[in-house]
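Results of the structural survey
Next come the chains, spelled out residue by residue.
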Amino acid sequence: MFPPFAERLASAGFVAITPNLSGSGVDDAGDFSLADHFGRNTFSAELHDVGRVVDALMEGELGVPPPSSLGLVGHSRGGGIAVLHTAGDSRVRALVTWSAISRVERWPAEQRVGWRKTGHLEIQNARTGQILPLYTDVLDDIEHNAERLDIIGLAGKITVPWLIIHGTNDESVPFKEAESLKRASKRKKTRLLPIEGGGHTFGATHPWRSTTPELDTVFDETLSWLSANLG
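Remember, it's a predicted structure, so these values are computed and weren't measured experimentally.

Points about the pairing of strand 5 (residues 162-167)
The buried fraction of strand 5 is high, at 6 of 6 residues. Taking every second residue as pointing to the same face, both faces of strand 5 are buried, with Trp162, Ile164 and His166 on one and Leu163, Ile165 and Gly167 on the other. Across 4 bridges, the pairing between strand 2 (residues 92-98) and strand 5 is parallel. Its bridge partner being in strand 5, Leu95 is matched across the sheet by Trp162. As defined by bridge partners, strand 5 adjoins strand 6 (residues 190-195) across 6 bridges and the pair is classed as parallel. Looking across to strand 6, one finds that Leu163 is bridged to Arg191. Taken together, strand 5, helix 8 (residues 175-185) and strand 6 constitute a β-α-β crossover, and its handedness is right-handed.

Here's the deal with the environment of Asn145
Following the sequence through the fold, Asn145 ends up in the loop between helix 6 (137-144) and helix 7 (151-155). What makes Asn145 partly exposed here is its relative accessible area of 25%. The sequence separation of Asn145 and Gly30 amounts to 115 residues, and the corresponding C-alpha distance is 30 Å.

Thoughts on the packing of aromatic side chains
On inspection of all chains with the given rule, the structure shows 6 aromatic pairs. Arranged with centres 5.6 Å apart and planes meeting at 65°, the rings of Phe32 and Phe38 form a pair that is edge-to-face. Overall, the relative accessible area of 14% leaves Phe32 in the buried class. Among the aromatic residues, ring-to-ring pairing joins Phe2, Phe5, Trp98 and Phe219 into one connected group. The ring of Tyr135 has Arg40 sitting right over it, with the charged end atom 4.0 Å from the ring centre. For Arg77, the ring lying beneath its charged end belongs to Phe43, and the centroid distance is 3.8 Å.

Details of helix 1 (residues 2-11)
Residues of helix 1 that are buried: Pro4, Phe5, Ala6 and Leu9. Positive phi shows up at Gly13, right after helix 1, with a value of about 100°.

A short note on the sheet that holds strand 6
The parallel open sheet is built from 4 strands, whose spatial order is 1-2-5-6. Edge positions in the sheet fall to strand 1 (70-75) and strand 6, since each has one partner strand and no second. Put simply, the sheet's adjacent strands are angled 15° from each other on average, direction ignored. On top of the sheet, helix 9 (residues 213-229) reaches strand 1, strand 2, strand 5 and strand 6; it is set at about 170° to strand 2, its chief contact.

What counts and how
Residues numbered from 1 in each chain as written. Predicted model: local features only at pLDDT ≥ 70, side-chain atom pairs only at ≥ 80, totals over all residues. Heavy atoms only, no water. Buried < 20%, exposed > 50% of the residue type's maximum accessible area, 1.4 Å probe, protein only. Helix = DSSP H or I, 4+ residues; strand = E, 2+ residues; numbered from the N terminus. Pairing = 2+ DSSP bridges. Right-handed = clockwise from strand over helix to strand, strands pointing away. Phe/Tyr/Trp six-rings, centres within 6.5 Å; stacked < 30°, edge-to-face > 60°. Lys NZ or Arg CZ within 6 Å of the ring centre and 35° of its normal. Axes fitted to C-alpha atoms, helices over the stretch in contact; angles between N-to-C directions. Contact = heavy atoms within 4.5 Å.

Geometric descriptors of this kind do not, in isolation, establish any biological role.
Following this line, the structure appears as structure tokens:
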């Protein structure tokens, strides 16, 4: 759904940058061929990648002039990363999160014990069916960088206009996490927009087929938010 969304942004006059982060496991052709990158990925690595992309954009190193104002849009885990980055970067003037996580501790304690014993956790790629190893790097990262990765804590430091969009039937990130983010913000400029009956991707599929009414609402509301808050 990100290429169609980026096209919408570009048509509205925005410069849209849609990076693949280094731990995504996806190569330049869009194939999931970098399993070890995925297995070693961490939240801190993603936060570092976003920082590098933002720096490059603002310094005019991505083939376009530095923008006059900067907004971030993040989905799911990327939404959590967008919150963390925005809390520490005064250059960001508007934030939109879709189906965002509110915490990095995603695994029960008993699961983490077994994970530590074997050294990896098996993850199935829902799209390809691949069984992928997720090593303990991400557990180490969570334990060693708890304060830096405290999404709820840092949400309270965000002062820019923030639109939180979340499906009420999200099967991956419960809607209550959106409510937690809204409570943590305590800012009048923060708005929670429930998408009634919406799932984690608002009906979007990969490979891309077409938009959905829920996704149209997400696109429209995001574009309106950015247009109103990025001068």
